[in-house]
Amino acid sequence: MNYVMSFVIGGLFCVIGQIIMDKFKLNAAYILVTFVVSGVFLNYFGIYDKLVEIGYSGATVPLPGFGNSLAKGAIEEASKNGFMGALSGGVMKTAPGVAAALLFGYMVAIIFNPKKK
Amino acid sequence: MKYNKESYKKVIDEYTPKNKIVKNCFMAFIFGGAICTLGEIIKNIFVSGFDVPKDDAGVMASVVLVGLSALLTGFGVYDDLGKIAGAGTIVPITGFANSVVSPALEYKKEGLVLGTAANIFKLAGPVLVYGYLSAFIVGLLSLIFK
Amino acid sequence: MKKIGKQTYNIKDDVVIRDTFTVVGTKEGEGPLKNNFDLIVDDLWGEDSWEKSERKFQKTAIETLLNKNRLQKDDIDLLISGDLLNQIVSSSFAARDIGLPYIGIYGACSTMALSMGVGSLLIDGGFASNVICATSSHFCSAEKQYRLPLEMGGQRPMSSQWTVTGSGAVWLSNTGKGPKIKNVTFGKILDLGVTDANNMGAAMAPAAHDTLKQNMLDTKIDYDLIVTGDLGIVGKSIVNRMFHDENMSIEKKYDDCGTIIFDIEKQDVHAGGSGCGCSAVVFGSFLYKKLLNKEIKKLLFTSTGALHSPTVSLQGDSIPGIAHCIGIEG
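What you see is a predicted model; the values in this text were computed from it and never measured. (Residues numbered from 1 in each chain as written. Chains lettered and ligands numbered in written order. Predicted model: local features only at pLDDT ≥ 70, side-chain atom pairs only at ≥ 80, totals over all residues.)

Enquirer: Provide a residue-level description of the overall build of chain B, including the pertinent values.
Expert: Per the secondary structure count, chain B includes seven helices and zero strands. Walking chain B from its N terminus toward its C terminus, one meets helices and strands in the order α-α-α-α-α-α-α. Whereas a compact globule of 146 residues would reach a radius of gyration of roughly 15 Å, chain B reaches 21 Å, over 25% beyond that. Principal-axis analysis of the C-alpha atoms gives chain B an extent of 75 × 45 × 40 Å. In chain B, which comprises 146 residues, the share counted as buried stands at 52%. Across chain B, the fraction of contacts at a sequence separation of at least 24, relative to all contacts at a separation of at least 6, is 55%. (Helix = DSSP H or I, 4+ residues; strand = E, 2+ residues; numbered from the N terminus. Rg over C-alpha atoms; globule rule 2.2 N^0.38 Å. Buried ≥ 20, exposed ≤ 12 C-beta atoms within 10 Å, placed from the backbone. Contact = placed C-beta atoms within 7 Å.)

So, in structure tokens, the structure goes:
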């Protein structure tokens, strides 16, 4: 069941992205930004936790899930360390994903070359 | 007939081929769903196979997906998938990884410092900027409205 | 005055297109014109970067054209060339290695007709006897400069076009036998407010229509074939529509290099080919052969350009279009 719900919720996120892309001719960068920011605010209003309960990885793997982690980190740390927590919490919580992308990106750039199309 | 900006817009719309939204959405659903399911499978492997706590397992699954996406980008496969899947390969975290790896690769010839390193967040940078900014705002809000 | 009508220069003395040479990449070499090109090579061609590869395309096109006609450097008065990359580096670096007196021009994808037009005027004016005109474009270097990294996943809109990888060089001379350039029309920039960089055909179509019409009004020649550079299926339909609106329909004798060079359905190029190299390699191969064997007697050859840059596009500017025409008799 987890797998089915992951598939459905994750797929639906992508369908929303596709509609925005095709209908409003938005560049991919705008979609990524919009999705991450909406994930942040959906978490703040307590909606995203419910989505994760239903959708499992279908809600955490898409980019709004990244926004969700950002908000979670910021709010958790803010409750512990006040202002400094709000400043660092989001970065801390999402650091593994960003650092991994940076590390793998750099390694791939060194090893591979762009292919002709 | 002389066209002005308004009337020309109508002519363009008439002759510009439309994107195949229904087909694109279907493919986005399939590919996006599959990537998320793969994430769930990896997470469960970590939880049941290595006794990792659920929250950490989710993060580790993301890292694995990021690594897979980076490799596929290096082999020149991810953009071929993207052509079919559209948003299905952009919206998941693998799309974020692809947007980090592809400029790093593209600007390699301009040097590892001013090429690869300077451009590595060329596309993903905006995501981090607005992501961190809004997380900070939400953190502050949570302090103010307890 | 050698100028006739409003905008057209009448070439009275002989300006002969003596020979051409075309070199294209893999994808172009798999297209419908594969048997027409002189040389088909791998896109990277053993070079270190796409930019260096594009330079090699142009240098090879020019050098081979000279060699196969046993031309020495002293035989050529001038090289006129241009390309799409910033500061037209492909042309300048190719010219550096070739060592001819060089005029670098920028007309975006209108460069081929622009260089041939300028060359014809110089020859007709008696300033030069032999001129080489050349241009090149490369899919990978153009994508890098104008769009997103190659390995970035995503979908290109159906109206987008595929930059041709290739280079074409043309030898113009005041003596000898071959098709002759009879008139030249340099176009005005027209901009009807198109901002979508994925719909270049629509951005350039008004300029193409304007220059084509001006040439036909000025020269009153009934051409066998009218060809535009890289309008693709969208721009081509709009040009047809604009002439139709004016009861001057050219549909039966009009085609576009961007729709000729690729098999649009099979090669997944969406709206067709584009880039400086598109009109250059289609003219230098397919059209030139038709002129030589008299299949076409009167050709109106047009290259179309979009004169924008990524920076001004981001600042919200629209895309100015331009087109230059050359009337040729076989």
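The structure having been displayed, the exposition proceeds.
Enquirer: Give a description of the interface of chain A and chain C that names residues and reports values.
Expert: Counting from both sides, the interface comprises four residues of chain A and, opposite them, seven residues of chain C. Grouping the constituent residues of the side of chain A that touches chain C by class yields two nonpolar, no polar and two charged. (Nonpolar A, V, L, I, M, F, W, Y, C, P; charged D, E, K, R; others polar.)

Enquirer: Got a sec to walk through unusual backbone geometry? Specific residues and values, please.
Expert: Residue and element names in this part refer to chain C. Positive phi outside glycine occurs at A108, with the angle close to 50 degrees. Position of A108 among the secondary structure elements: in the loop between β6 (102-104) and α4 (111-124). Its identity as a non-glycine residue notwithstanding, N247 has a phi of 55 degrees, on the positive side. By the secondary structure assignment, N247 is in the loop between α7 (232-245) and β12 (254-256).

Enquirer: Describe the nonpolar core, with residues and values.
Expert: Counting residues in each nonpolar core, the largest one holds 102 residues, and the members touching the most others are C:I132, C:V282 and C:L299. Among the elements that make up this core, the one with the highest residue count is helix α9 (residues 276-292) of chain C (ten residues). Setting aside chain neighbours within four positions, we find C:V282 in contact with C:L33, C:C257, C:I260, C:I261 and C:L287. Core analysis: the next-biggest nonpolar cluster, separate from the first, contains 74 residues, A:Y48, A:A59, A:A101 and B:I35 among them. (Core = buried A, V, L, I, M, F, W, Y, C linked by C-beta atoms within 7 Å.)

Enquirer: Kindly report on the interface of chain A and chain B, identifying the contributing residues and their values.
Expert: Across the boundary between the two partners, chain A contributes 65 residues, which contact 62 residues of chain B. The element contributing the most residues to the side of chain A that touches chain B is helix α5 (residues 63-111) of chain A, with 30 residues. Broken down by class, the residue content of the side of chain A that touches chain B amounts to 45 nonpolar, 18 polar and two charged.

Enquirer: Before we move on, can you summarise the packing of α4(C) against α9(C) with the specific residues and values?
Expert: All names here are of chain C. Close contact between α4 and α9 brings their axes to 7 Å; oriented N to C, the two are set at 60 degrees. In this structure, α4 uses T111, M112 and A113 to contact α9, whose residues at the interface are C276, S279, A280 and F283. When grouped by side-chain class, the residues that make up the contact of α4 with α9 number five nonpolar, two polar and no charged. (Axes fitted to C-alpha atoms, helices over the stretch in contact; angles between N-to-C directions.)

Enquirer: Got a sec to walk through the packing of α5(A) against helix α7 (residues 125-144) of chain B? Specific residues and values, please.
Expert: Contact geometry for α5(A) and α7(B): axes closest at 12 Å, N-to-C directions at 150 degrees. Viewed along their axes, α5(A) and α7(B) adopt a mutual orientation that is roughly antiparallel. Across the contact of α5(A) with α7(B), the residue classes tally to 18 nonpolar, ten polar and no charged. (Parallel < 35°, antiparallel > 145°, perpendicular 65-115°, else oblique.)

Enquirer: Can you explain α7(B)? Please cite residues and give values.
Expert: Between the first and last C-alpha of α7(B) there are 29 Å, a value that for 20 residues agrees with the 28 Å anticipated at 1.5 Å per step. Along its buried surface, α7(B) packs onto α2 (28-44) and α5 of chain A together with α5 (93-106) of chain B. (Expected span 1.5 Å × (residues − 1).)

Enquirer: Go over the domain arrangement of chain B, please, and point to the residues and values.
Expert: Per the domain assignment, the segments of chain B are domain 1 (5-97) and domain 2 (107-146). In this structure, domain 1 of chain B and domain 2 of chain B have C-alpha centres spaced 20 Å apart. (Domains from an automatic or database assignment.)

Enquirer: Report on the pairing of strand β7 (residues 130-137) of chain C, specifying residues and quantitative values.
Expert: Residue and element names in this part refer to chain C. Within β7, eight of the eight residues are buried, which leaves it mostly tucked inside the rest of the structure. Going residue by residue along β7, you find N130, I132, A134 and S136 tucked away on one face and V131, C133, T135 and S137 tucked away on the opposite face as well. Pairing geometry for strand β5 (residues 78-83) and β7, over six bridges, is parallel. Across the sheet, the residue bridging to I80 is C133, located in β7. Across eight bridges, β7 lies against strand β9 (residues 166-173) in antiparallel orientation. Paired with S137 across the two strands is G166, which belongs to β9. (Pairing = 2+ DSSP bridges.)

Enquirer: Let's hear about the confidence of the model for chain B: which residues, and what values?
Expert: In the predicted model, chain B carries a mean pLDDT of 95, and the fraction of residues at 70 or more is 99%. Interface predicted TM-score (ipTM) for the complex: 0.94; the corresponding pTM is 0.95. (pLDDT = per-residue confidence, 0-100.)

Enquirer: Tell me what's going on with the UniProt feature "transmembrane region" (unreviewed entry) in chain A, and back it up with residues and numbers.
Expert: All names here are of chain A. Here the UniProt feature "transmembrane region" (unreviewed entry) sits at residues 6-21, 28-47 and 94-112. Helix makes up 90% of residues 28-47 and strand 0%, with an end-to-end C-alpha separation of 25 Å. End-to-end, the C-alpha atoms of residues 94-112 are 27 Å apart, and along that stretch the chain is 95% helix and 0% strand. (UniProt positions renumbered as here; feature names shortened; annotations may be inferred.)

Enquirer: Can you tell me about the UniProt feature "transmembrane region" (unreviewed entry) in chain B, naming the residues and giving the values?
Expert: Per the UniProt record, "transmembrane region" (unreviewed entry) is found at residues 21-42, 57-77, 84-105 and 125-145 of chain B. Regarding residues 84-105 of chain B, the helix share stands at 68% and the strand share at 0%, and the terminal C-alpha atoms are separated by 22 Å.

Enquirer: I'd like a description of the pairing of strand β3 (residues 16-24) of chain C, backed by residues and values.
Expert: Residue and element names in this part refer to chain C. Most of β3 is tucked away: seven of the nine residues are buried. In this sheet, β9 lies alongside β3 in antiparallel orientation, the contact comprising eight bridges. Across the sheet, V23 pairs through a bridge with S167, a residue of β9.

Enquirer: Which residues make up the environment of B:V100, and what values go with them?
Expert: Locating B:V100 in the fold gives a position in helix α5. Note on B:V100: 33 C-beta atoms within 10 Å, which makes it buried. Remark: the alpha-carbon pair of B:V100 and B:K122, spanning 22 residues in sequence, is separated by 7.6 Å. What B:V100 contacts, discounting residues up to four positions off in sequence, is A:A101, A:L102, A:G105, B:I120, B:F121 and B:A124.

Enquirer: Account for the environment of A:M21, with residues named and values stated.
Expert: Residue position: A:M21 is located in helix α1 (residues 2-24). Using a count of 26 C-beta atoms within 10 Å as the deciding quantity, one classes A:M21 as buried. With ten residues separating them along the chain, A:M21 and A:I31 place their C-alpha atoms 7.5 Å apart. Setting aside anything within four residues of it in sequence, one finds A:M21 in contact with A:L26, A:I31, B:G86 and B:A87.

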